[in-house]
Amino acid sequence: MFDNNQIFAAPLAGVTDRPFRRIVRQFAPDARIVTEMISCHSLVGGHKNCLRNFDRYDDEGAVGAQIFGADVALMADAARILQDAGAKWIDINMGCPVPKVATRAGAGAFLMRDHRLAGDIMRAVVRAVEIPVSIKTRLGWDDSHKDWRELIDIAADCGVSFAALHGRTRAQLYVGPSVSPDVHGCPIPVVANGDIKYADDVLRMAQLGYCGVMIGRAMLGRPWILGELAGRPGPNNVGDVVRQHLEYSVEYYGARTAVPMFRKHAAWYSAGMPNSAEFRIKVNRITDADELRAAIDEFWGCDLAA
Ligand SMILES: Cc1cc2nc3c(=O)[nH]c(=O)nc-3n(C[C@H](O)[C@H](O)[C@H](O)COP(=O)(O)O)c2cc1C
């Protein structure tokens, strides 16, 4: 997992669910893919309204389950549950900037401000499982607190196996360029994250000392990008991918939930194509799976059933 030039799919809440991961793997079977962030409270509490609390990962390839929370014991319990469910590694979220997570819950990016709590969580999670543990973090809280290196040193002391580093601060959210620092000399391997889209970016990150890259938003509407970066071919017909993704989503969530959830994917897949605005408006009104199938087939001119 920690050889050089590894390509990871970033955790994206609302996106890197099981159906999406299946699609990514069709183009990049070896990709390391991180799940959407999973609340330790929701997981340990077995909250039934959250399907991913019941995911099993045995039949998936290299999938890391990402947890978030601020409760040391619950984070350790959550890690154990996910290990038992077949996750190949546990990733601790130390970068999520949204207020619900970072300020109200004292989790995610807040852990960059509280290194003692961050250390306690990392140590407890590492002790709780036999699989590797990683962290995903940012440069720091804001421009005056870019202490990513300190956190990575603590992570190494706690037995964390590797870190993913997003080249923005918490204050930057997702705005402005991501600037990845030189990581030569870090005590554990570091994966670069932030605005990585092209083979050139991958090369540049290797030169800065990163052991791999983690792709986030560039996967939206282009789930084959990880495969392409690894030198594999993209799809012959995007419409076939869209239909397959929809079928996986219907299978997983059921049509009632899957159809509205799929609108954002339909928008990303069609972005920049002729008549995409009309397609989006049409799809946003559709509530029935067969109607959505027909709209996709019409837009991309394909028919999986044929
Ligand atoms: C819609 C969305 C959802 C995200 N969800 C998560 C998440 O669940 N856990 C996490 O650590 N980061 C999350 N992120 C951050 C990404 O993993 C990544 O760090 C960020 O998008 C920068 O990488 P990129 O420029 O390649 O997109 C999310 C970002 C977006 C845009």
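Residues numbered from 1 in each chain as written. Predicted model: local features only at pLDDT ≥ 70, side-chain atom pairs only at ≥ 80, totals over all residues. Heavy atoms only, no water.

Right, let's get into the pattern of salt bridges. Applying the stated criterion to the full structure yields 20 salt bridges. Where R80 meets D77, a salt bridge forms, and the shortest distance between an N and an O atom there is 2.9 Å. Placement of both R80 and D77 in helix α3 (residues 72-84) is noted, with a separation of 3 residues, approximately one turn of the helix. On the basis of relative accessible area, R80 is assigned to the partly exposed category, the value being 37%. Sharing partners across several salt bridges, the network here consists of R18, R21, D55, D59 and E60. (Salt bridge = Lys/Arg side-chain N within 4 Å of Asp/Glu carboxyl O. Helix = DSSP H or I, 4+ residues; strand = E, 2+ residues; numbered from the N terminus. Buried < 20%, exposed > 50% of the residue type's maximum accessible area, 1.4 Å probe, protein only.)

What follows concerns a nonpolar patch on the surface. Together, L173, Y174 and V175 make up a nonpolar patch on the protein surface, roughly 300 Å² of accessible area in all. Residue position: V175 is located in the loop between β6 (162-169) and β7 (190-193). Residue V175 is classed as exposed on the basis of its relative accessible area, which comes to 60%. (Patch = residues over 30% accessible without salt bridge, like charges linked within 9 Å, V, L, I, M, F, W, Y side chains within 5 Å. Areas by Shrake-Rupley, 256 points an atom, 1.4 Å probe, with all protein chains shown as cover.)

Take the packing of helix α9 (residues 238-253) against helix α13 (residues 289-300) next. In contact at an axis separation of 9 Å, α9 and α13 are set at 170° when each is read in the N-to-C sense. In terms of orientation, α9 lies roughly antiparallel with respect to α13. In this structure, α9 meets α13 at a crossing whose hand is right-handed. Contact with α9, carried on its side by V238, G239, V242, R243, L246, E247 and V250, involves A289, L292, R293, I296, D297 and W300 of α13 and no other residues of that element. Here the residues of the contact of α9 with α13 are counted per class, giving 8 nonpolar, 1 polar and 4 charged. (Axes fitted to C-alpha atoms, helices over the stretch in contact; angles between N-to-C directions. Parallel < 35°, antiparallel > 145°, perpendicular 65-115°, else oblique. Left-handed = near helix turned anticlockwise from the far one by under 90°. Contact = heavy atoms within 4.5 Å. Nonpolar A, V, L, I, M, F, W, Y, C, P; charged D, E, K, R; others polar.)

When its volume is computed, the largest pocket comes out at roughly 550 Å³. Going through the elements one at a time, β4 (89-94), β5 (133-140), β6 and β8 (212-215) are the ones with two or more residues in the lining of the largest pocket. Of the residues belonging to the lining of the largest pocket, the class tally is 14 nonpolar, 8 polar and 6 charged. Its boundaries defined by the atoms lining it, the second largest pocket holds a volume of some 390 Å³. For the second largest pocket, the lining is made up of 22 residues, of which I38, S39, S42, F68 and K100 are closest to its centre. Of all the secondary structure elements, the ones that give two or more residues to the lining of the second largest pocket are β2 (32-39), α2 (40-44) and α4 (99-104). The greatest single-element share of the lining of the second largest pocket, amounting to 4 residues, is contributed by β2. (1 Å grid on protein atoms, 1.4 Å probe; cavity = no way out; pocket = protein on both sides within 12 Å on 5 of 7 lines; lining within 4 Å. Points joined across faces, edges and corners; volume = space filled by probe spheres on them.)

Within the structure, the ligand sits among 16 residues, and A13, Q66, N193, D195 and R217 are positioned closest to it. A13 is positioned such that a nitrogen or oxygen atom in its backbone is 2.8 Å from a nitrogen atom of the ligand. Between the ligand and K136, the relevant distance is 2.8 Å, taken from an oxygen atom to a side-chain nitrogen or oxygen of the residue. Contact with the protein chains covers 88% of the free accessible surface of the ligand, which is 610 Å². For the ligand, the cavity whose grid points lie within 2 Å of the majority of its atoms is the largest pocket. For the shell around the ligand, a count of residues per class yields 7 nonpolar, 6 polar and 3 charged. (Near = heavy atom within 4 Å. Polar contact = N/O pair within 3.5 Å; in protein donor to acceptor, adjacent residues only side chain to side chain. Sits in = over half its atoms within 2 Å of the grid points.)

Bringing the nonpolar core into the picture now. With 68 residues, the main nonpolar core has I90, M122, I215 and L226 as its most contacted residues. For this core, the leading source of residues is helix α5 (residues 115-128), giving 7 residues. Dropping the residues within four chain positions of it, I90 is found in contact with A65, I67, A79, L82, Q83, V125, V129, I131, P132, V133 and S134. With 22 residues, the next largest nonpolar core counts V242, I286, L292 and I296 among its residues. (Core = buried A, V, L, I, M, F, W, Y, C linked by side-chain atoms within 4.5 Å.)

As a general feature of sheets, a regular strand has side chains that alternate between the two faces. Among the 8 residues that make up β2, 8 are buried, leaving the element largely enclosed by the rest of the structure. Sheet topology places strand β1 (residues 6-9) next to β2; 2 bridges connect them, and they run parallel. Each residue of the ladder has a partner; that of F8, found in β2, is R32. With 5 bridges connecting them, β2 and strand β3 (residues 63-68) associate as parallel partners. (Pairing = 2+ DSSP bridges.)

Running from N to C, helix α1 (residues 18-27) and α9 cross one another at 145°; their axes reach a closest spacing of 8 Å. In this structure, α1 crosses over α9, and the sense of that crossing is right-handed. For the pair formed by α1 and α9, the contact residues are R18, P19, F20, R22, I23, Q26 and F27 on the first element and V241, Q244, H245, Y248, S249, E251, Y252 and Y253 on the second. Of the residues belonging to the contact of α1 with α9, the class tally is 8 nonpolar, 4 polar and 3 charged.

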